[in-house]
Amino acid sequence: MKIGFIGAGNMGRAIANGLVAKGVCQANALLCISASGKGSAIMAEQTGASIASSKLELIEQSDIVVLAFKPQHLETISEEEATAASGKLVVSVLAGRSLASMKDVFPDAANLVRVMPNTPSQIGKGVSTFCFEKVPSDEQKETVEELLASLGTAYEVVEEQLHVATVINGCGPAFYFRIAQLISEAADKRGLDKDLALRLAAETGIGSLELLLASKRDPKDLIDEVVSPNGVTHALLTSLDRQGLPAIIEQSTEDAANRSIELSQNKK
Ligand SMILES: NC(=O)c1ccc[n+]([C@@H]2O[C@H](COP(=O)([O-])OP(=O)(O)OC[C@H]3O[C@@H](n4cnc5c(N)ncnc54)[C@H](OP(=O)(O)O)[C@@H]3O)[C@@H](O)[C@H]2O)c1
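Residues numbered from 1 in each chain as written. Predicted model: local features only at pLDDT ≥ 70, side-chain atom pairs only at ≥ 80, totals over all residues. Heavy atoms only, no water.

Asker: Let's hear about the pairing of strand 8 (residues 152-156): which residues, and what values?
Answerer: As defined by bridge partners, strand 7 (residues 126-132) adjoins strand 8 across five bridges and the pair is classed as parallel. Within strand 8, the residue paired with Phe130 across the bridge is Glu156. Following the chain from strand 7 across helix 6 (residues 138-149) to the adjacent parallel strand 8, one finds a crossover that is right-handed. (Pairing = 2+ DSSP bridges. Helix = DSSP H or I, 4+ residues; strand = E, 2+ residues; numbered from the N terminus. Right-handed = clockwise from strand over helix to strand, strands pointing away.)

Structure follows, in structure tokens:
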């Protein structure tokens, strides 16, 4: 089964690298193309993928077409290219581009899949959310799940849920990176070496969240295990709440989900 990537930047390469690293496909099953040839050259070097001479050639030779260019380039697909995708599976990672807008461009694809991946996919620890345009055949479902498993874990959602899911798993890495950055800066100001503080913050984050998943317990119970009355954690959480952390998370989730809706309506 040949997989062709239109766009070979960070996300396209993360998927292609994952596919090869996890042995889902051999290098000779991968094809790619990019705008300037820069991304495709890197993908070819990293994975052994072949570089197609045109998008048309890539689509004709692929069983699965992965769209991994910028969202605004969806409409650069020509009618001839779209026709070449007839009967094929088209997988898009384009943020904010709805299944309906994909259907406008690829009316005769066998099925369309909209995926929201995230950047930890680069190390096989990604989380993706996805939805199909049509109820998938068993084979299509298996193929997509195998493709996304090469990035980490993947969860099917209905398209309307993808806006909120995008905030959690698509934007989520930036949220955690920002928290780690702020913690390390606050620690640095108080005399703890910044690199050590960043490591402490990151490892504590990983350990805590792994405990949350492994224990299957409610976060509130796990918080109770850390807090003692009038202790340090109590001071930290009380200060966070007093300064409005719950309202900040609530409003920022709303703002980001609304932005995802706007983008899917083609608002700049
Ligand atoms: N990064 C994330 O965290 C993330 C998360 C979820 C979804 N996404 C989605 O993933 C997609 C790719 O993002 P990215 O971070 O990988 O971007 P990126 O690193 O900028 O890569 C974009 C790629 O698209 C190529 N390209 C641009 N115009 C093209 C065209 N008209 N035809 C074919 N290829 C074209 C570029 O070519 P050159 O290499 O030759 O310049 C490059 O290889 C976006 O749609 C984004 O919404 C990204």
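Asker: Break down unusual backbone geometry for me, citing the residues and quoting the values.
Answerer: One non-glycine residue, Lys216, lies in the positive phi region at around 55°. Locating Lys216 in the fold gives a position in the loop between helix 9 (194-215) and helix 10 (219-226). You will see that Asn230, though not glycine, has its phi angle at about 60°, which is positive. Mapped onto the elements of the fold, Asn230 is located in the loop between helix 10 and helix 11 (232-242). Using a relative accessible area of 71% as the deciding quantity, one classes Asn230 as exposed. (Buried < 20%, exposed > 50% of the residue type's maximum accessible area, 1.4 Å probe, protein only.)

Asker: Break down the pattern of salt bridges for me, with residues and values.
Answerer: Taken as a whole and judged by the stated rule, the model has nine salt bridges. For the salt bridge of Glu159 with Arg114, the shortest nitrogen-to-oxygen distance reads 2.7 Å. Of this pair, Glu159 sits in the loop between strand 8 and helix 7 (162-170) while Arg114 is found in strand 6 (residues 111-116), placing the two residues 45 residues apart along the sequence. We classify Arg114 as buried; its relative accessible area is 4%. Between Glu156 and Lys141 there is a salt bridge, and its shortest N-O distance comes to 2.7 Å. In this pair, Glu156 is assigned in strand 8 and Lys141 in helix 6, connecting sequence segments 15 residues apart. With a relative accessible area of 40%, Glu156 lands in the partly exposed category. Judged by relative accessible area, Lys141 falls into the partly exposed class, the value being 29%. Ionic contacts of the salt-bridge type, sharing partners, join the residues Lys141, Glu145 and Glu156 into one network. (Salt bridge = Lys/Arg side-chain N within 4 Å of Asp/Glu carboxyl O.)

Asker: Describe the packing of helix 1 (residues 10-21) against helix 2 (residues 38-47), listing the residues and the values that go with them.
Answerer: To characterise two packed helices, one gives the angle between the axes of the helices and the distance between these axes. Closest axis-to-axis distance for the helix 1/helix 2 pair is 10 Å, and the angle between their directions is 15°. Relative to helix 2, the element helix 1 is oriented roughly parallel. For the pair helix 1 and helix 2, the crossing hand works out as right-handed. When helix 1 is examined against helix 2, the residues Gly12, Arg13, Ala16, Asn17 and Val20 are found in contact with a partner set consisting of Gly39, Ile42, Met43, Gln46 and Thr47. Tallied by class, residues from the contact of helix 1 with helix 2 come to four nonpolar, five polar and one charged. (Axes fitted to C-alpha atoms, helices over the stretch in contact; angles between N-to-C directions. Parallel < 35°, antiparallel > 145°, perpendicular 65-115°, else oblique. Left-handed = near helix turned anticlockwise from the far one by under 90°. Contact = heavy atoms within 4.5 Å. Nonpolar A, V, L, I, M, F, W, Y, C, P; charged D, E, K, R; others polar.)

Asker: Give me the side chain of Ser260: which residues, what numbers.
Answerer: If you trace the backbone, Ser260 turns up in helix 12 (residues 245-264). Judged by relative accessible area, Ser260 falls into the buried class, the value being 9%. Not counting the four nearest positions on each side in its chain, Ser260 is found in contact with His163 and Thr166.

Asker: Before we move on, could you go through the pairing of strand 5 (residues 89-92) and cite the residues and values that matter?
Answerer: Here strand 5 shows no split at all, with Leu89 and Val91 on one side and Val90 and Ser92 on the other all buried. Of the pairings in the sheet, the one linking strand 4 (residues 64-67) to strand 5 comprises four bridges and is parallel in character. Across the sheet, residue Val65 finds its bridge partner in strand 5, namely Val90. The β-α-β motif built from strand 4, the intervening helix 4 (residues 79-84) and the parallel element strand 5 has right-handed crossover chirality.

Asker: Run through the domain arrangement of the protein chain, naming residues and quoting values.
Answerer: Examined at the domain level, the protein chain breaks down into domain 1 (3-160) and domain 2 (170-264). Centre-to-centre separation of domain 1 and domain 2, based on C-alpha positions: 33 Å. Contacts between the two partners involve six residues from domain 1, matched on the other side by five residues from domain 2. Counting the surface lost from both domain 1 and domain 2, the interface buries some 430 Å², and carbon and sulfur atoms represent 60% of this. (Domains from an automatic or database assignment. Buried area = accessible area lost by both parts, 1.4 Å probe.)

Asker: Which residues make up the site of the ligand, and what values do they have?
Answerer: Close contacts around the ligand come from 24 residues, with Met11, Ser34, Ser36, Gly39 and Phe69 the closest. A distance of 2.8 Å separates an oxygen atom of the ligand from a polar atom in the backbone of Met11. A distance of 3.4 Å is found between an oxygen atom of the ligand and a backbone nitrogen or oxygen belonging to Lys38. Listed by contribution, the elements that provide at least two residues to the shell around the ligand are helix 1 and helix 2. In terms of residue class, the shell around the ligand is built from 12 nonpolar, 10 polar and two charged. (Near = heavy atom within 4 Å. Polar contact = N/O pair within 3.5 Å; in protein donor to acceptor, adjacent residues only side chain to side chain.)

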